[in-house]
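# A structural walkthrough
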Amino acid sequence: MAPTARTIHDLATPAALIDVGVLGSNLARMRDVAARASVSLRPHMKTHKSTVIARQQQEMGVAGFTVATLREAEVMAGAGFTDLLIAYPPVGESRVGRLAALLERADVTLLLDSLEAAQWAAGLAKRIGRSVSCRWEIDCGARRCGTPPGPETVRLASEAFARPGLEFAGFFTFPGHAYASTGVAGIDAAVADEADAHTQTVELARQAGFPDGGASGGTTPTCLRMGETSPLAEVRPGNYVFNDATQVALGVAETTDCALTILTTVVAKPAARRLILDAGSKAVGKEVMSPSTKGLARVTGRPGVVVSRMYEEHSIIDSDGDGIADVRVGDRVELIPNHACAATNLQSFYVARDGERVVDVIVPDARNWHALI
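Residues numbered from 1 in each chain as written. Predicted model: local features only at pLDDT ≥ 70, side-chain atom pairs only at ≥ 80, totals over all residues. Heavy atoms only, no water.

## What to know about unusual backbone geometry
Omega for the bond connecting Thr 13 with Pro 14 falls within 30 degrees of zero, at 0°, which places this linkage in the cis form. Within the secondary structure layout, Pro 14 lies in the segment before β1 (15-19). Backbone geometry places Ser 38, a non-glycine residue, at a positive phi of 60°. With respect to the helices, strands and loops of the structure, Ser 38 is situated in the loop between α1 (20-36) and β2 (40-41). Non-glycine residue Lys 49 carries a positive phi angle of around 50°. Its place among the elements puts Lys 49 in the loop between β2 and α2 (51-59). (Helix = DSSP H or I, 4+ residues; strand = E, 2+ residues; numbered from the N terminus.)

Structure representation (structure tokens):
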């Protein structure tokens, strides 16, 4: 989309900015991390929700893409991205109906973690008249979806894949508990948990007659700490494209690695050490993902200055030092969201910037929406 603004100073606020140079560096960094560990890169596009950015990732040689929602999968398939892993259980008639249509135009792998999910997937296979590729999720510590590593997973997966039409594609882990850590030591522990979950399970599964589909796992912080050897065959980081204040707090990124910022205007300064900005929870998000995170968003270029409180249309900075002494009403500041994935889903468009120059407008065309049927 052709931009009408020439510089970021011409933009109405709040506005979501993407630094194209930082974005490119982030993409190259994860490509190199995956290559060094000899694993395939199947990035999760839930962070950027943009086929434009997905094309950049594809040009860097990714193996395929991970998605969370059917909306993401349908938009990606429509744009010609046809190797997709849907990292969400295929439960519900509305999902199965849409999956049947999707499987006519894309190679899709589904994710199972229960006998009930397997039953829905088997029903889908019967509907389309052919087998459906599926991974089975092991809970390696996040305590979200998944089954316990080892015998329990093998028992349930054996029963699930005995159903006609289900093709085993390998195991799947999500070491999301890395985000509950206070730094790289906790992330390293999550990396070890993930490796141990696969070690406990894979040999038992092989003895039970499962083929070796290769392990799928990883998050942005665990991928950046996995080193040069990994039991994984592919990794699925998402956040790395933009990074955010959480990655900075965890110690795997610097503020200069954060490609996404929210441009805001100072609309009030009621006290010398308090600012009111025109970007609140509806523009920035309001998550705190790690105990190491300070505040609800970081202010770029002002170390230690964070958003302390937030309403829907207001962010409030209460500074206990001189970090905002020079800021006046009408000035503009940029915020680094705590969670880029949530912040991007709030945006109708991103403004791509090269320094202060506006170079493009990118629509997150796979952003979530729900049709009423």
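## What about the packing of aromatic side chains?
The geometry of an aromatic ring pair is captured by the separation of the ring centres together with the interplanar angle, meaning the angle of the planes. Using the criterion set out here, one finds eight aromatic pairs in the structure. With 5.2 Å between their ring centres and 80° between their planes, Phe 65 and Phe 81 make a pair best called edge-to-face. Of this pair, Phe 65 sits in strand β3 (residues 65-67) while Phe 81 sits in the loop between α3 (70-78) and β4 (83-86), and the two are 16 residues apart along the sequence. Classification of Phe 81 as buried rests on a relative accessible area of 2%. Taking 6.0 Å as the distance between ring centres and 80° as the angle between the ring planes, the aromatic pair formed by Phe 242 and Tyr 350 counts as edge-to-face. Of this pair, Phe 242 sits in the loop between β9 (234-235) and α9 (245-250) while Tyr 350 is found in strand β16 (residues 350-354), placing the two residues 108 residues apart along the sequence. Ring pairing ties together the aromatic residues Trp 136, Phe 161, Phe 168, Phe 171 and Phe 210, which thus form one cluster. In this structure, Arg 144 is placed above the aromatic ring of Phe 174, and the distance from its NZ or CZ to the ring centre is 4.1 Å. A cation over an aromatic ring shows up here: Arg 236 above the ring of Phe 172, its NZ or CZ 3.6 Å from the ring centre. (Phe/Tyr/Trp six-rings, centres within 6.5 Å; stacked < 30°, edge-to-face > 60°. Buried < 20%, exposed > 50% of the residue type's maximum accessible area, 1.4 Å probe, protein only. Lys NZ or Arg CZ within 6 Å of the ring centre and 35° of its normal.)

## Structural notes on the nonpolar core
In terms of nonpolar packing, the biggest core is built from 97 residues, with Ile 86, Leu 102, Leu 110, Leu 112, Trp 136, Phe 161 and Phe 242 touching the most fellow members. If we ignore the near neighbours within four places in the chain, the residues touching Leu 102 are Leu 70, Ala 73, Glu 74, Ala 77, Ile 86 and Val 108. Counting eight residues, the second largest nonpolar core, distinct from the first, contains Ala 5, Ile 8, Leu 263 and Val 351. (Core = buried A, V, L, I, M, F, W, Y, C linked by side-chain atoms within 4.5 Å. Contact = heavy atoms within 4.5 Å.)

## With respect to the pairing of strand β10 (residues 260-271)
Bridging between β1 and β10 involves four bridges; their strand directions are antiparallel. Residue pairing in the sheet places Ala 15 in a bridge with Leu 263 of β10. Here four bridges tie β10 to strand β15 (residues 332-337), and the two strands are oriented antiparallel to one another. Paired with Thr 264 across the two strands is Val 333, which belongs to β15. Summarising the sheet, β10 and strand β11 (residues 274-277) pair through three bridges and their orientation is antiparallel. Counted as the bridge partner of Ala 268 is Ile 276 from β11. Taking the residues between adjacent antiparallel strands as the criterion, β10 and β11 are bridged by two residues. (Pairing = 2+ DSSP bridges.)

## Re the side chain of Thr 66
Mapped onto the elements, Thr 66 comes out in strand β3. At 3.0 Å, the side chain of Thr 66 and the backbone oxygen of Arg 42 are in polar contact. When near neighbours in sequence (up to four residues on either side) are disregarded, Thr 66 contacts Arg 42, Pro 43, His 44, Met 45, Leu 85, Ala 87 and Arg 236. (Polar contact = N/O pair within 3.5 Å; in protein donor to acceptor, adjacent residues only side chain to side chain.)

## Considerations on helix α4 (residues 93-102)
All of the buried residues along α4 are Val 96, Leu 99, Ala 100 and Leu 102. Down the axis, α4 shows its buried residues gathered within 160° of arc, on one side only. Of the surrounding secondary structure, the elements contacted by the buried residues of α4 are α3, β4, β5 (107-112) and α5 (115-128). (Arc of directions from axis to C-beta.)

## Looking at α5
With 14 residues, α5 should cover 20 Å at 1.5 Å per step; its first-to-last C-alpha distance of 20 Å lies within 8% of that length. Within α5 the residues assigned to the buried category are Ala 117, Ala 118, Ala 121, Ala 122, Leu 124 and Ala 125. The buried residues of α5 occupy an angular sector of 155° when the element is viewed end-on, so they sit on one face. What points out from α5, more than 90 degrees from its buried face, is the exposed set Glu 116 and Lys 126. Those residues of α5 that are buried lie in contact with α4, β5, β6 (132-138), α6 (151-160) and β7 (166-173). One or two positions beyond α5, positive phi appears at Gly 129, with a value near 75°. (Expected span 1.5 Å × (residues − 1).)

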